[in-house]
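So you can see what is in the structure, the chains are spelled out below.
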Amino acid sequence: MSNTESLSGKVALITGASRGIGKEIAMELSKLGAEVFINYSSSDEKAEEVVNSIKNNGGKAHKLKFDVSKEDSVSSAFDKIIKINGSIDILVNNAGITRDGLLMRMKSEQWDEVLNTNLKGVFLCTKYASKFMMKKRSGNIVNISSVVGIIGNPGQANYSAAKAGVIGFTKTCAKEFASRGINVNAIAPGFIETEMTEKLNTEEIVKAIPLKRLGSCSQIANLVSFLVSSNAGSYITGQTISIDGGMSI
Ligand code: NAP
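None of the values given here were measured: they were computed from a predicted structure.

Trainee: Can you help me understand the pairing of strand E6 (residues 182-189) in this one?
Mentor: Consecutive residues of a regular strand have side chains that alternate between opposite faces of the sheet. Where burial is concerned, most of E6 is hidden: eight out of the eight residues are buried. One ladder, built from six bridges, connects strand E5 (residues 139-144) with E6; its direction is parallel. Pairing of Asn143 across the sheet is with Ala186, part of E6. Pairing of E6 with strand E7 (residues 240-243) involves four bridges; the strand directions are parallel. Paired with Pro189 across the bridge in E7 is Ile243.

As structure tokens, this is what we get:
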């Protein structure tokens, strides 16, 4: 089987795929033949554009609006996926937000919003996806963590706690699901050029990156596709793979 068909017949849900890293992951998995569900929380038009561009390239894609932090909405989203396809093979937990501020000034709402989306959202989507993957005795889950979950970052106590939580969660799920043929890994990107990093002072950031440049969404997407579609990836589970230009060294 050629690499371009390696995910043919597989169904993938990518959370937060209306833009940035998630969009690129969805495009990449579609190129490999997967039927993709494009989740988002509010950007209808952007999600529509992603779906159209995948369809224009001959792929299969569906828009799926739901809030990853709300169990009711996650549950009904999985009902829709199963109704359309009968199964799910790949879950990429990518949806994420930032609500930065120094701890002294951080409000409980800022803490809750970030933990609910970035950590509880990963728990909920994994719980519902794994139910179907377990029955099938195969599946692949990739959680998008962050370099900040490994080394911390002033002003991001909420975000770093959530992203560190994702790493522990990944290891536990990998151990719980291994006997059912489900691989679970995390990716810890450094600073990647997206809307999330647009507002930051990149000149200062680059000084702290050994490779002296930001990363791109396509590099993260390539790493996801390696994990979910390659022979080598099939023997990797429970790992957190850093892709950060050396920031976490
Ligand atoms: P982004 O451009 O801000 O996009 C975030 C995506 O998440 C959007 O599609 C957004 O949907 C969706 N989303 C937000 N809250 C949601 C919710 N409650 N339910 C469903 N979808 C929701 O982000 P990004 O920079 O591509 O980052 C993607 C992931 O990589 C995040 O987990 C982020 O923490 C992580 N990461 C990013 C970087 C970086 O440098 N960019 C570095 C390390 C890790 P709408 O468009 O509808 O709002």
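Trainee: How should I be thinking about the site of the ligand in this particular structure?
Mentor: Neighbouring the ligand are 31 residues; Ser18, Ser42, Ser43, Tyr159 and Thr194 lie closest to it. Take Gly16: an N or O atom from its main chain is 3.3 Å from an oxygen atom of the ligand. Asp67 is positioned with one of its side-chain polar atoms (N or O) 2.9 Å from a nitrogen atom of the ligand. Applying the majority rule of atoms within 2 Å of the grid points places the ligand in the largest pocket. Residue assignment for the shell around the ligand shows that the elements contributing at least two residues are helix H1 (20-31), strand E2 (35-40), helix H6 (157-177) and helix H7 (195-198). Looking at the shell around the ligand residue by residue, the classes come out as 13 nonpolar, 15 polar and three charged.

Trainee: Would you take a moment to explain helix H3 (residues 71-85) for this structure?
Mentor: Along an α-helix, a turn takes 3.6 residues, which lines up residues three or four apart on a common side. Over its 15 residues, H3 runs 21 Å from end to end, which matches the ideal 21 Å to within 8%, given 1.5 Å per residue. For H3, the complete set of buried residues consists of Ser73, Val74, Ala77, Phe78 and Ile81. Taken end-on, H3 shows its buried residues confined to a sector of 135°, consistent with a single buried face. Away from its buried face, by an angle of more than 90 degrees, H3 presents the exposed residues Asp72 and Lys83. Those residues of H3 that are buried lie in contact with strand E1 (11-14), E2, strand E3 (61-65) and helix H4 (108-136). Just beyond H3, the residue with positive phi is Gly86, at close to 80°.

Trainee: Would you take a moment to explain the pattern of salt bridges for this structure?
Mentor: Two side chains that carry opposite charge are able to pair once their charged atoms sit near each other. Considering all chains together, one arrives at ten salt bridges under this definition. Here Glu48 ties to Lys63 by a salt bridge, and the two come within 3.0 Å at their closest N and O atoms. Taken together, the residues Glu48 in helix H2 (residues 44-56) and Lys63 in strand E3 connect sequence positions 15 residues apart.

Trainee: Just checking my understanding: could you explain the packing of aromatic side chains for this structure?
Mentor: For any pair of aromatic rings, the description rests on two quantities: the centre-to-centre distance and the angle between the ring planes. Taken as a whole and judged by the stated rule, the model has one aromatic pair. When the ring of Phe78 is compared with that of Tyr128, the centres are 6.2 Å apart and the planes differ by 25°; the resulting orientation is stacked. One end of the pair, Phe78, is in helix H3; the other, Tyr128, is in helix H4, with 50 residues separating them in the sequence.

About the criteria used
Residues numbered from 1 in each chain as written. Predicted model: local features only at pLDDT ≥ 70, side-chain atom pairs only at ≥ 80, totals over all residues. Heavy atoms only, no water. Buried < 20%, exposed > 50% of the residue type's maximum accessible area, 1.4 Å probe, protein only. Helix = DSSP H or I, 4+ residues; strand = E, 2+ residues; numbered from the N terminus. Pairing = 2+ DSSP bridges. Near = heavy atom within 4 Å. Polar contact = N/O pair within 3.5 Å; in protein donor to acceptor, adjacent residues only side chain to side chain. 1 Å grid on protein atoms, 1.4 Å probe; cavity = no way out; pocket = protein on both sides within 12 Å on 5 of 7 lines; lining within 4 Å. Sits in = over half its atoms within 2 Å of the grid points. Nonpolar A, V, L, I, M, F, W, Y, C, P; charged D, E, K, R; others polar. Expected span 1.5 Å × (residues − 1). Arc of directions from axis to C-beta. Contact = heavy atoms within 4.5 Å. Salt bridge = Lys/Arg side-chain N within 4 Å of Asp/Glu carboxyl O. Phe/Tyr/Trp six-rings, centres within 6.5 Å; stacked < 30°, edge-to-face > 60°.

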